[in-house]
Amino acid sequence: MKIGVLALQGAVAEHIRSLEAAGAEAVAIKRVEQLDELQGLVIPGGESTTIGKLMRKYGFIDAIRQFSAAGKPLFGTCAGLIVLADRIEGNEEAHLKLMDMTVARNAFGRQRESFETDLDVKGINEPIRAVFIRAPLIKEVGAGVEVLSTYNEEIVTARQGTLLAASYHPELTDDFRLHAYFIEMAKEAAAAKA
Ligand code: GLN
């Protein structure tokens, strides 16, 4: 499986390392033409307004929407989750508008800007270690979205078909199971097309 990591801004190298550790070939994606060679794409954490701005500038909004329409999986972490969402709380215009959910940015407030916790994720056996950094929360999801994990009753991992979203940073630990889960999604999507 060849999986790309959108390399406009944010935690790119860490995702590449985790994808490789989980058994995929991983490439940093800087131009839309590179998307053709991929079976899946990660949109990393960073700063969602900046990532969104750069995506518009370099033609990634339409290109990634087409990539997704072709059945290829997307995985958004932290800022990447915000980029996937249909709706952002407040007055902010959403970016890819692919996943039927409303997200709140920086949803943990100042006291808990950054923290780590063990998280039960549906489809993964033992809890995973999750690092939250100025993290968003999923406030509301549509009927087609499956909630994979919650933290204090708030949604922090969700899946809608070929779209996977996590409000934390799975790439900042040595636990590669969520990346392996995404690689499995890419394998299933590739098999479904073959
Ligand atoms: N707070 C950032 C945003 O709203 C996301 C933080 C992150 O990706 N670690 O874009």
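Going along each chain's sequence as written, the residues are numbered from 1 onward. In keeping with the predicted nature of the model, local features appear solely for residues at pLDDT of at least 70, side-chain atom pairs appear and are counted solely at 80 or more, and the whole-chain, interface and lining totals rest on all residues.

Caption draft 1: Spatial organisation of the site of the ligand. Taken together, Gly45, Gly46, Glu47, Ser48, Cys78, Ala79, Ile82, Arg105, Asn106, Ile133, Arg134 and Pro136 are the residues near the ligand. Charged residues are taken to be Asp, Glu, Lys and Arg, nonpolar residues to be Ala, Val, Leu, Ile, Met, Phe, Trp, Tyr, Cys and Pro, and polar residues to be all remaining types, Gly included. Along the lines of polarity and charge, the residues of the shell around the ligand split into five nonpolar, four polar and three charged. Whether a residue is near a molecule or strand depends on its C-beta atom, placed from the backbone, lying within 6 Å of it.

Caption draft 2: Molecular detail of the UniProt feature "binding site: L-glutamine" (unreviewed entry) in the protein chain. UniProt positions are given in the numbering used here, feature names are shortened, and annotations may be inferred rather than shown by experiment. The positions that UniProt labels "binding site: L-glutamine" (unreviewed entry) are, in the present scheme, Gly46, Glu47, Ser48, Arg105, Ile133 and Arg134. Spanning 89 residues, the named residues nonetheless gather at one spot, since no C-alpha pair among them exceeds 12.9 Å. Among the secondary structure elements, Gly46 is positioned in the loop between strand S3 (40–43) and helix H2 (48–57). Residues are treated as contacting if the C-beta atoms built from their backbones sit within 7 Å of each other. Excluding its chain neighbours within four sequence positions, the residues that come into contact with Gly46 are Gln9, Gly10, Ala11, Ile51 and Ala79. Helix and strand assignments come from DSSP, with helices taken as H or I runs of at least 4 residues and strands as E runs of at least 2, each series counted from the N terminus. In this fold, Ser48 is placed in helix H2.

Caption draft 3: Looking closely at the UniProt feature "active site" (unreviewed entry) in the protein chain. Using the residue numbers shown here, the UniProt feature "active site" (unreviewed entry) corresponds to Cys78, His169 and Glu171. Taking the farthest pair of C-alpha atoms as the criterion, the annotated set spanning 94 residues converges on one region, since that pair is 10.7 Å apart. With respect to the element layout, Cys78 can be found in the loop between strand S4 (74–77) and helix H4 (79–84). Apart from the residues lying within four places of it in its own chain, the contact partners of Cys78 are Gly45, Ile133, Ala135, Pro136, Ser167, Tyr168 and His169.

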